[in-house]
Amino acid sequence: SQTIHQWPATLVQPVGSPLSLECTVEGTSNPNLYWYRQAAGRGLQLLFYSVGIGQISSEVPQNLSASRPQDRQFILSSKKLLLSDSGFYLCACRTGGAVFGYTFGSGTRLTVV
Amino acid sequence: AQKVTQAQTEISVVEKEDVTLDCVYETRDTTYYLFWYKQPPSGELVFLIRRNSFDEQNEISGRYSWNFQKSTSSFNFTITASQVVDSAVYFCALSGDNQGGKLIFGQGTELSVKP
């Protein structure tokens, strides 16, 4: 079965600082990968998805970017954080076959101060 | 475009009451998948159920049941005899086979079960 490793669990960063969140997947190859953000008290918003190495689709214009340098690695970045970037960030992968579904990481809670 | 609407933002019930969480979806895909997830205060997403668009059979799992109706584009979730441990945010979600199979979530319903 697939496992998603996502770190760190919590992060406090000052406004204007850079950000790099990493997500790695085990137990599958060539997965579809996704980054979601959940602002406080809100729903889960899809930020980026990737269907392969170097292929990134952005769902909403924002201060963030994503990259997929390796098959099972998905990185969320920002050059300069804004207060509005605070939230709970979840990485996910889509699994196929008989156990089709989505596996989620445990999330990173980012507070921009 | 795909869309999921959970009109109930918050629901509060007393323990042992039955409660239904509503979910309405929009999609142009002929093949699609519907999901329900539970998010406890710790934040992780707990998978509850997946339904394929070609399978309209309702499902029951213990105190949980799901009613899928394509005619009304709804996928409602009922908890029978609710318990305090059911308190969480519940998300309905939709995906298709196009556009990277992205999973689109509703805004969530926060369920509070009081003793």
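Residues numbered from 1 in each chain as written. Chains lettered and ligands numbered in written order. Predicted model: local features only at pLDDT ≥ 70, side-chain atom pairs only at ≥ 80, totals over all residues. Heavy atoms only, no water.

**Student:** Got a sec to walk through the overall build of chain B? Specific residues and values, please.
**Tutor:** A count of helices and strands for chain B gives zero helices and 12 strands. Moving toward the C terminus, one meets the helices and strands of chain B in the order β-β-β-β-β-β-β-β-β-β-β-β. Compactness check: chain B gives a C-alpha radius of gyration of 14 Å against a globular reference of 13 Å for 115 residues, within 12% of the reference. In terms of overall dimensions, chain B has C-alpha extents of about 45 × 30 × 20 Å along its principal axes. Residues counted as buried form 48% of the 115 residues belonging to chain B. In chain B, the proportion of contacts linking residues at least 24 apart, taken out of those at least 6 apart, comes to 56%. For chain B, the computed accessible surface area is about 5600 Å², with 47% contributed by carbon and sulfur atoms. The distance from the centre of the 10 positive side-chain charges to the centre of the 14 negative ones in chain B is 3 Å. (Helix = DSSP H or I, 4+ residues; strand = E, 2+ residues; numbered from the N terminus. Rg over C-alpha atoms; globule rule 2.2 N^0.38 Å. Buried < 20%, exposed > 50% of the residue type's maximum accessible area, 1.4 Å probe, protein only. Contact = heavy atoms within 4.5 Å. Areas by Shrake-Rupley, 256 points an atom, 1.4 Å probe, with all protein chains shown as cover. Lys, Arg positive; Asp, Glu negative; His and termini not counted. Charge placed at Lys NZ, Arg CZ, Asp CG, Glu CD.)

**Student:** Describe in detail the interface of chain B and chain A, supporting the description with residues and values.
**Tutor:** Counting residues at the interface gives 22 residues for chain B and 21 residues for chain A. In total, about 1600 Å² of surface goes out of reach between chain B and chain A, with carbon and sulfur atoms giving 55% of it. For the pair chain B and chain A, the number of links is one salt bridge. In this structure, lysine 102 of chain B engages glutamate 59 of chain A in a salt bridge whose closest nitrogen and oxygen atoms are separated by 2.9 Å. Between chain B and chain A we count 11 residue pairs in polar contact (both at pLDDT 80 or more) in total. For the side of chain B that touches chain A, the elements supplying multiple residues, two or more each, are strand 5 (32–39), strand 10 (88–96) and strand 11 (103–105) of chain B. At four residues, the largest contribution of residues to the side of chain B that touches chain A is made by strand 5 of chain B. Within the side of chain B that touches chain A, the residues separate by chemical class into nine nonpolar, 10 polar and three charged. (Buried area = accessible area lost by both parts, 1.4 Å probe. Salt bridge = Lys/Arg side-chain N within 4 Å of Asp/Glu carboxyl O. Polar contact = N/O pair within 3.5 Å; in protein donor to acceptor, adjacent residues only side chain to side chain. Nonpolar A, V, L, I, M, F, W, Y, C, P; charged D, E, K, R; others polar.)

**Student:** Describe unusual backbone geometry, naming the residues involved and giving the relevant values.
**Tutor:** Here the amide bond leading from tryptophan 7 of chain A into proline 8 of chain A is cis, since omega sits at -5°, within 30 degrees of zero. Looking at where proline 8 of chain A falls in the secondary structure, it is placed in the loop between strand 1 (3–7) and strand 2 (10–13). You will see that serine 73 of chain B, though not glycine, has its phi angle at about 50°, which is positive. Take serine 73 of chain B: it is sitting in the loop between strand 8 (64–69) and strand 9 (74–79). Judged by its relative accessible area of 24%, serine 73 of chain B is partly exposed. A positive phi angle is found at alanine 81 of chain B, which is not glycine, with a value near 50°. You can see alanine 81 of chain B is positioned in the loop between strand 9 and strand 10.

**Student:** Tell me about the pattern of salt bridges, residues and numbers included.
**Tutor:** It is possible for side chains bearing opposite charge to pair when their charged atoms get close. Residue and element names in this part refer to chain A. As enumerated under the stated definition, the model contains six salt bridges over all chains in all. Note that aspartate 85 and arginine 37 form a salt bridge whose closest N and O atoms lie 3.6 Å from each other. Taken together, the residues aspartate 85 in the loop between strand 8 (73–78) and strand 9 (87–95) and arginine 37 in strand 4 (residues 32–38) connect sequence positions 48 residues apart. We classify aspartate 85 as buried; its relative accessible area is 3%.

**Student:** Report on the nonpolar core, specifying residues and quantitative values.
**Tutor:** Counting 23 residues, the largest nonpolar core has Trp36, Phe75, Phe77, Tyr90 and Leu111 of chain B as its most contacted members. Per-element accounting of this core gives the leading share, four residues, to strand 10 of chain B. Contact partners of phenylalanine 77 of chain B, with chain neighbours within four places excluded, come to Val19, Thr20, Leu21, Trp36, Leu48, Tyr64, Ser65, Trp66 and Tyr90 of chain B. Membership of the second largest hydrophobic core comes to 21 residues, among which are Leu19, Val60, Leu110 and Val112 of chain A. (Core = buried A, V, L, I, M, F, W, Y, C linked by side-chain atoms within 4.5 Å.)

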